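Observations on the model geometry
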Number of protein chains: 2
Amino acid sequence: TFSALLAHGLAADETKQVALLDIDICGPSIPKMMGLEGEQVHQSGSGWSPVYVEENLGVMSVGFLLSSPDDAVIWRGPKKNGLIKQFLRDVDWGEVDYLIVDTPPGTSDEHLSIVQYLSATHIDGAVIVTTPQEVSLQDVRKEINFCRKVKLPIIGVVENMSGFVCPKCKNESQIFPPTTGGAEKMCQNLNVSLLGKVPLDPQIGKSCDRGQSFLAEAPESPATLSYRNIIQSESENHCANESPRFRALLQYAKGLNRLVLLCHK
Amino acid sequence: TFSALLAHGLAADETKQVALLDIDICGPSIPKMMGLEGEQVHQSGSGWSPVYVEENLGVMSVGFLLSSPDDAVIWRGPKKNGLIKQFLRDVDWGEVDYLIVDTPPGTSDEHLSIVQYLSATHIDGAVIVTTPQEVSLQDVRKEINFCRKVKLPIIGVVENMSGFVCPKCKNESQIFPPTTGGAEKMCQNLNVSLLGKVPLDPQIGKSCDRGQSFLAEAPESPATLSYRNIIQSESENHCANESPRFRALLQYAKGLNRLVLLCHK
């Protein structure tokens, strides 16, 4: 969800070209969340074309290669890695300002491959998304360790599902209780930025299922305000430097301009 | 969560021996949820020993092989598959009535390997866990397709996070709205059993984080009643047949007696 909203948020600036790449090969949810279900990739002289949500927002996912959205992609690591390489090498992304990569959870093939294939480029870093319970934070600590081992900068952590306000009585419940202090305490302990805490809002799930941007559909929701703050600080921090930080054009991604964000789910 | 509760539920019958195997190599959460964090595997003459929660409930996870619970296991598919094979071949499980396998989401290495390594045995089938939104159901349909392709029977689907009752005003909110009819409609369409719907209860997350069985800690919760119904029908359906349906002892799993359940998260 976060990658999709980040892509929408960054593409609100029409002068920027945004690419969203879904490398969750066995569970691609980006086509659905971007309202692109049933779309197919087109082949052109310069490679595969991404599917465009807006003129400045192109998307690529294995979902566009399946004949039905329910088809299972039953692939072991090497085949997944091959497709990720194709997504970088054979897709005509055009000149892009931001490449956002949506990864599955974990620290395995997809994560190692994307970092390896993009090693010649400038990766701004990883955004890691969590929920407040210790069971989730434990996975996030592993992902933070992964980033440190492969020398991938960590932009920060987003805590989703931080509390729910009853629409009837306005009482707030911690549905996923932060028994060990939540992402806040973990970030302090590990010296990582906490980008924000986003409360639960049933509208988020509805918007995702409809393929609409939650930010546009529920502009007044506290969750939207929280997401907007995170996205704005992202774009400020990573666009302040006007001179492209990355010129050594990557061997695989043609025309990739400046910025790569990796979002762990 | 479901695998952990199912293990506790089945082990409540002291005449049954239950084994819980966590094959989520990059994100093992079973040690935490079973209250076994910090435990290490012991080597004996007959192989690795599982870690026991109760006399009749043994657990194995990559988590018991790590020096810290925050260590990342940065492995591609083949190494993960090798460890899964070791878990089946080199662990002295003893005589077990139930082997419950907790898998990560997806349809990749871990899933293919466990089905392949257990192909000589009798696998009762897969229990697939979902939440009510279409974005999750889409992944579940892929997992159902996976099961059908590899000829793994599907025991049924459990829907978690079905509604939340505000503790203050008792108003029920659909926090993860079933925009396409939830698991119920999907199961009808695909001719799969819906084993049950479990409402959200903040106590579930708390119990998991503390490593306690939610079923024992919150015996009166509607979520507990729902889980208990599911577990009871499992054990009835899969134990009614008193003569072991499986005798050709598997090449890898020593002493595995009768029943294997696979739980997708």
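To start, this report covers the structure provided alongside it. (Residues numbered from 1 in each chain as written. Chains lettered and ligands numbered in written order. Predicted model: local features only at pLDDT ≥ 70, side-chain atom pairs only at ≥ 80, totals over all residues. Heavy atoms only, no water.)

1. A few points about the relation of the copies chain B and chain A
Put simply, the rule is: When the copies are superposed, the least-squares fit takes in the C-alpha atoms of residues with a pLDDT of at least 70 in both. Between two residues, a contact is recorded if the distance between any of their heavy atoms is within 4.5 Å.
Laying chain B over chain A is done by rotating through 180° and shifting 0.0 Å along the axis; what remains is an RMSD of 0.0 Å. In the structure described here, the two chain copies are related by an operation that fits a two-fold rotation axis. Within chain B, the C-alpha atom positioned nearest to the axis of rotation is that of B:Gly77, 2.6 Å from it. Residue by residue, 100% of the interface of chain B is reproduced at the interface of chain A, so both copies engage with the same surface.

2. Topic: the layout of surface pockets
What counts is decided by this rule: Whether a set of points on the 1 Å grid over the protein atoms alone is a cavity depends on a 1.4 Å probe fitting there but being unable to get out, while an open set qualifies as a pocket with protein on both sides within 12 Å along at least five of seven lines; lining residues are those with an atom within 4 Å of a point. Grid points are joined across faces, edges and corners, and a volume is the space filled by probe spheres set on the points. Only DSSP runs of H or I covering at least 4 residues are called helices, and only runs of E covering at least 2 are called strands; the numbering of each starts at the N terminus. Residues are grouped as follows: Ala, Val, Leu, Ile, Met, Phe, Trp, Tyr, Cys and Pro are nonpolar; Asp, Glu, Lys and Arg are charged; every other residue, Gly included, is polar.
By volume, the largest pocket amounts to about 410 Å³. When contributions to the lining of the largest pocket are tallied by element, the ones reaching two or more residues are α1 (2-11), α8 (214-217) and α9 (222-239) of chain B. Of the residues belonging to the lining of the largest pocket, the class tally is 9 nonpolar, 6 polar and 5 charged. Within this model, the second largest pocket holds a volume of roughly 240 Å³. A:Val165, A:Pro199, A:Leu200, A:Asp201 and A:Pro222 are the residues nearest the centre of the second largest pocket, which is lined by 14 residues in total. Sorting the residues of the lining of the second largest pocket by element identifies β9 (164-165) and α9 (222-239) of chain A as the ones contributing at least two each.

3. Quick look at the environment of A:Glu220
Examined against the element boundaries, A:Glu220 turns out to sit in the loop between α8 (214-217) and α9. Separated by 185 residues in the primary sequence, A:Glu220 and A:Gly35 place their C-alpha atoms 22 Å from one another.

4. Some thoughts on the packing of helix α3 (residues 77-89) of chain B against helix α4 (residues 109-117) of chain B
Residues and elements named next belong to chain B. What counts here: Axis lines are fitted through C-alpha atoms, for helices just across the contact stretch, and the angle between N-to-C directions can take any value from 0 to 180 degrees. Helix crossings fall into two classes, left-handed where the near helix is turned counterclockwise from the far one by less than a right angle and right-handed where it is turned clockwise.
Close contact between α3 and α4 brings their axes to 10 Å; oriented N to C, the two are set at 35°. Along this stretch, α3 crosses α4, giving a crossing that reads as right-handed. Judged by residue contacts, Gly-77, Lys-80, Asn-81, Ile-84, Lys-85 and Leu-88 of α3 engage Asp-109, Glu-110, Ser-113, Ile-114 and Tyr-117 from α4. Here the residues of the contact of α3 with α4 are counted per class, giving 4 nonpolar, 3 polar and 4 charged.

5. Description of the side chain of A:Glu159
Residues and elements named next belong to chain A. Just so we agree on the cut-off: For each residue, the accessible area found with a 1.4 Å probe, counting protein chains only, is set against the maximum for its type, and the residue is called buried under 20%, exposed over 50%, and partly exposed in between. Under the convention used here, Asp and Glu are negative, Lys and Arg are positive, and both His and the chain ends fall outside the count. Take a side-chain nitrogen of Lys or Arg and a carboxyl oxygen of Asp or Glu: if they are within 4 Å of each other, that pair is a salt bridge. Between N or O atoms, a polar contact is any pair within 3.5 Å; within protein, one atom must be a potential hydrogen donor and the other a potential acceptor, and residues adjacent in sequence are included only when both atoms are from side chains.
Here Glu-159 lies in strand β8 (residues 154-159). Comment: no salt bridge for buried Glu-159; closest opposite-charge side chain is Lys-197, at 4.4 Å. Polar side-chain contacts of Glu-159 include one of 2.7 Å to the backbone nitrogen of Ala-183. Among all residues touching Glu-159, those that are not within four sequence positions of it are Thr-130, Thr-131, Pro-132, Gly-182, Ala-183, Glu-184, Gly-196, Lys-197 and Val-198.

6. A short note on the pairing of strand β5 (residues 57-60) of chain B
Residues and elements named next belong to chain B. We count it as follows: Whether two strands pair depends on DSSP finding at least two bridges between them.
Burial along β5 is two-sided: the face carrying Leu-57 and Val-59 and the face carrying Gly-58 and Met-60 are both buried. As paired elements, strand β1 (residues 18-22) and β5 share 4 bridges and run parallel to each other. In the strand pairing of β5, Val-18 is matched with Leu-57. Relative to β5, strand β4 (residues 51-54) runs antiparallel, the two being bridged by 3 bridges. Within β5, the residue paired with Val-51 across the bridge is Val-59.

7. Here we look at the environment of A:Lys80
Structurally, the position occupied by A:Lys80 is in helix α3 (residues 77-89). Along the sequence, A:Lys80 and A:Gly182 sit 102 residues apart, while their C-alpha atoms lie 33 Å from each other. Here A:Lys80 is in contact with A:Ile25, A:Cys26, A:Trp75, A:Glu110 and B:Ser108, once residues within four sequence places are set aside.

8. Overview of the packing of aromatic side chains
For any two aromatic rings, the description comes down to two numbers: the centre-to-centre distance and the angle of the planes. Residue and element names in this part refer to chain B. Rules: Aromatic rings from Phe, Tyr and Trp, taking only the six-membered ring of Trp, are treated as a pair when their centres fall within 6.5 Å; an angle between ring planes under 30 degrees marks them as stacked, one over 60 as edge-to-face, and anything in between as tilted.
Scanning the entire structure with this criterion turns up 7 aromatic pairs over all chains. The interplanar angle of 80° and the centroid separation of 6.4 Å between the aromatic rings of Phe-214 and Tyr-227 together place this pair among those described as edge-to-face. Taken together, the residues Phe-214 in helix α8 and Tyr-227 in helix α9 connect sequence positions 13 residues apart. On the basis of relative accessibility, which here comes to 1%, the residue Phe-214 falls in the buried class. Using a relative accessible area of 1% as the deciding quantity, one classes Tyr-227 as buried.

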